Amino acid sequence: PGEEFVPQPELIIFDVSTRNRVNVDLKKWKDQTIDVAWSSQEEAKKLIVIRKDRPLKNLDVCSVDAETGATSVLFSEEAWPYFNNEYSRLSVLNEGNDIIWWSEKTGWGQLYLYDKTGKLKKQITDGYFVTGRINQIDTLGRVLYFEAFGKEDGIHPYYSMKYKAYLDKPGMTLITKEPANHSLSMSKSGKYFVDTFSTVDKEPEAVLRDNNGNVLIKLEKADLSQLYQMGWKMPETIKVKAKDGVTDLYGVMYLPFNFDSTRKYPIISYVYPGPQTESV
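Residues numbered from 1 in each chain as written. Predicted model: local features only at pLDDT ≥ 70, side-chain atom pairs only at ≥ 80, totals over all residues. Heavy atoms only, no water.

**Let's talk about the nonpolar core**
Phase 1 of the analysis: If you look at the biggest cluster of nonpolar residues, it comprises 20 residues, and the most contacted ones within it are Ile100, Leu111, Ile124, Leu144, Phe146, Tyr163 and Leu167.
Phase 2 of the analysis: The element best represented in this core is strand β12 (residues 143-149), accounting for 4 residues.
Phase 3 of the analysis: Discounting chain neighbours no more than four positions away, the residues touching Ile100 are Arg89, Leu90, Ser91, Leu93, Leu111, Tyr112, Leu113, Ile124, Ile134, Ile137, Leu144 and Leu167.
Phase 4 of the analysis: Of all hydrophobic cores here, the second largest spans 15 residues; its members include Leu59, Phe75, Ala79 and Tyr114. (Core = buried A, V, L, I, M, F, W, Y, C linked by side-chain atoms within 4.5 Å. Buried < 20%, exposed > 50% of the residue type's maximum accessible area, 1.4 Å probe, protein only. Helix = DSSP H or I, 4+ residues; strand = E, 2+ residues; numbered from the N terminus. Contact = heavy atoms within 4.5 Å.)

Right under this line is the structure:
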């Protein structure tokens, strides 16, 4: 912040056969960033680009004609205090006719479907929970497989639970019911996926499921017996109230191998400057 000379991104398009060069004018904000999010696969004549201002408060999703460099804004967003760069990304289907976008416009991260002109067709997910990354898209069946946090009552809101939703039908379906953090690896057919799940106090386990979440085969379970023999103990998940007396804060407590409940122990707090993380 305040640096006088910040790298300035540009978008330049070259036609290999004709050696023609097109300079795309995307200038709008000082020291902005540019991300080419999608390019047409069939004719390579169209790009979808995201540009953001330096404070990450404003962005435009733009369509660019690769032959002429002409640019049009499909839709814009403003966020406070700033965009979540980890999740605010788009997926493009049907040669640019369908755009799936993650947004916190309601205050909760949700998925939205836009058409090629930037018109909102529908809100795919909705509720008082956070939708995360899209794990897989079945483009023929028009089905999304994605993660969400905090939707299920009684389950730790940091756990990545997996869901599926249809682009042309309302609602979303939970396909990983175990209260744990899940990772998904989908087959090319979209019919099956390997689900590896665990918590800090549960041994990792891998199963094969169909795309409705039914377990077909139990694959592996981690063997931690040698860890236990060395005296290792699983940490404890804790939940405490914040200073406001209302908000729940979640954490993990690791105790010494030779923990004695009658003794007092110091806590060493190592703080990384900023709001990102604190390690203890």
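**A few points about the sheet that holds strand β11 (residues 130-138)**
Phase 1 of the analysis: Reading across the sheet, the 4 strands line up as β11-β12-β13-β14 and stay open at both edges, with antiparallel pairing between neighbours. Each end of this open sheet is capped by a strand with a single partner; those strands are β11 and β14 (173-174).
Phase 2 of the analysis: Here strand β13 (residues 161-166) pairs with β14 via 2 bridges, running antiparallel. Bridging across to β14, Lys164 finds its partner in Thr173. (Pairing = 2+ DSSP bridges.)

**Looking at the side chain of Asp31**
Phase 1 of the analysis: With respect to the element layout, Asp31 can be found in the loop between β2 (20-24) and β3 (33-39).
Phase 2 of the analysis: In terms of polar contacts, Asp31 uses its side chain to reach the side chain of Lys30, at 2.9 Å. (Polar contact = N/O pair within 3.5 Å; in protein donor to acceptor, adjacent residues only side chain to side chain.)

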